[in-house]
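# Observations on the model geometry
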Amino acid sequence: MATALTLKMQLQGLEEEFFRRNSIAEENRLREHCAAVKIQSCFRGFKVRAHIRYVQKIAIVIQKTWRGYRSRMEFRSMVQRAYFIMKMNFYNEMAVRIQKMWRGYYVRKCIHNYYDMKKYFKGLRMKNEIVRKELEEYEETKKKEWEKKAMEEEERRKHYQARKIHYLLSTEQLPGIYNSPYLLCPNEMECRLQQVRPLTPNSSQKKDTTEGLVDPSIPEIPCTSPSLGRLPHLGWKKPQMKDGPGKKEKNPGKSPLTLQQEKRMLS
């Protein structure tokens, strides 16, 4: 019984203690809850931040590793490409050099032999000299022909002019204009007038439209051929000249002009 009483007394004290502590815990529950929430938030924030830092470090390592690998691969491909280009350039240069040497040898040996070309150019030079001499001779010949033709044309023109002005020929009684007594020797035209025959009235006479007399045989000079009829015979009379008593007239009844014409007909 005593034990039961003791237990009962203790239970009463435990209930009071329980209620007291329960009331105290109830009073501190909200404050402790806020404190627990605060502690949990701080711990979780620290944990999350630590995880984020760790993830960032891992991401940086991954990115660094990947970027390094990609850069090394790009650099390696660039080096390989540059090496390939350099090798191809070298091969091309060597191929060009070989082709150049072979083509030069082939051209010199088979197509353009040096000694054959030398002989060919020597013969060509000699032929050029011969052709040049022939051309010079031909030029001189043509020049002489032109000069001869010009002299013939001039002679023909002078001959025709002398025939046109044959009436200016000197006679035994009257000197012509080309046989002046003040000259030591007669003029060239006087000698020419003595050698040519006069133009007949029926012959076609061509006159230049501008000035002077021309040769009708020259087609380049414009000429006109007037229609002239037959000229009537002029009754030429001997001029009255006072001669000395001892002088006698030669061939009376004939004029000096008639004597000149007879001499030409006889010659």
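This write-up is about the structure you can find in this document. A quick note: this is a predicted structure, and the numbers were derived from the prediction, not measured. Throughout, a residue's number is its position along its own chain's written sequence, starting from 1. Selection of residues for local features in this predicted model requires a pLDDT of at least 70, selection of side-chain atom pairs for listing and counting requires 80 or more, and totals for whole chains, interfaces and linings are taken over all residues. Side-chain calculation: all heavy atoms of the structure are included, whereas hydrogens and water are not.

### Overview of the overall build of the protein
Where helices and strands are cited, they refer to DSSP runs of H or I of at least four residues and of E of at least two residues respectively, numbered from the N terminus. Scanning the protein from N- to C-terminus turns up four helices and two strands. Accessible surface is estimated by sampling points in the Shrake-Rupley manner with a 1.4 Å probe; for residues, cover comes only from the protein chains shown. Accessible surface for the protein amounts to roughly 24700 Å². Of this, 60% is attributable to carbon and sulfur atoms.

### Some points on a nonpolar patch on the surface
Residues enter patches when their relative accessible area tops 30% and they take part in no salt bridge; the joining distance is 9 Å for like charges and 5 Å for the nonpolar side chains Val, Leu, Ile, Met, Phe, Trp and Tyr. By convention in these notes, a salt bridge is any Lys or Arg side-chain nitrogen within 4 Å of a carboxyl oxygen on Asp or Glu. A contiguous nonpolar patch, built from Phe 84, Ile 85, Met 88, Phe 90 and Tyr 91 and spanning about 490 Å² of accessible area, is present on the exposed surface. Partly exposed describes any residue whose relative accessible area lies between the buried limit of under 20% and the exposed limit of over 50%, with all areas from a 1.4 Å probe on protein chains only and scaled to the type maximum. Residue Met 88 is classed as partly exposed on the basis of its relative accessible area, which comes to 32%.

### Looking at the pattern of salt bridges
Evaluation of the coordinates by the stated rule reveals seven salt bridges. The residue Arg 157 makes a salt bridge to Glu 154 at a minimum N-O spacing of 2.6 Å. In this pair, Arg 157 and Glu 154 are both assigned in helix H2 (residues 114-164), three residues apart and thus about one turn of the helix distant. You can call Glu 154 partly exposed: its relative accessible area is 31%. In this structure, a network of salt bridges that share partners links the residues Glu 155, Glu 188 and Arg 192.

### What to know about the packing of H2 against helix H3 (residues 188-195)
Packed helices, taken two at a time, are described by the angle between their axes plus the distance between the axes. The angle between two axes is taken between their N-to-C directions and runs from 0 to 180 degrees, where each axis is a line fitted to C-alpha atoms and a helix contributes only its stretch in contact. Where H2 contacts H3, the two axes come as close as 9 Å, and the packing angle between them is 70°. Relative to H3, the element H2 lies roughly perpendicular. Counted together, Glu 155, Lys 158, His 159 and Ala 162 of H2 and Glu 188, Met 189, Arg 192 and Leu 193 of H3 form the full contact between these two elements. For classification, angles of less than 35 degrees are called roughly parallel, those exceeding 145 degrees roughly antiparallel, those between 65 and 115 degrees roughly perpendicular, and all remaining angles oblique. We call two residues contacting when some pair of their heavy atoms lies within 4.5 Å.

### Notes on H2
Helix span, as expected, comes to 1.5 Å for every residue beyond the first. Given a rise of 1.5 Å per residue, 51 residues ought to cover 75 Å, and the 73 Å separating the end C-alpha atoms of H2 matches this to within 8%. All buried positions along H2 are accounted for by Tyr 160, Ala 162 and Lys 164. Where H2 is buried, its residues touch H3.

### Description of the environment of Tyr 160
Relative to the elements of secondary structure, Tyr 160 occurs in helix H2. Residue Tyr 160 is classed as buried on the basis of its relative accessible area, which comes to 8%. Taking the C-alpha atoms as reference points, Tyr 160 and Leu 199, 39 residues apart in sequence, are found 8.8 Å from one another.

### Comments concerning the side chain of Ser 170
On the secondary structure map, Ser 170 appears in the loop between H2 and H3. According to the relative accessible area criterion, Ser 170 is buried, its value standing at 12%. In protein, a polar contact requires one atom able to donate a hydrogen and another able to accept it; more generally it is a pair of N or O atoms within 3.5 Å, and residues adjacent in sequence count only if both atoms are side-chain atoms. Among the polar contacts listed, one links the side chain of Ser 170 to the side chain of Glu 190, at a separation of 3.0 Å. Once residues lying within four places of it in the same chain are set aside, the contact partners of Ser 170 are Pro 175, Gly 176, Asn 179 and Glu 190.

Note that all results are geometric; they support no functional claim without further evidence.
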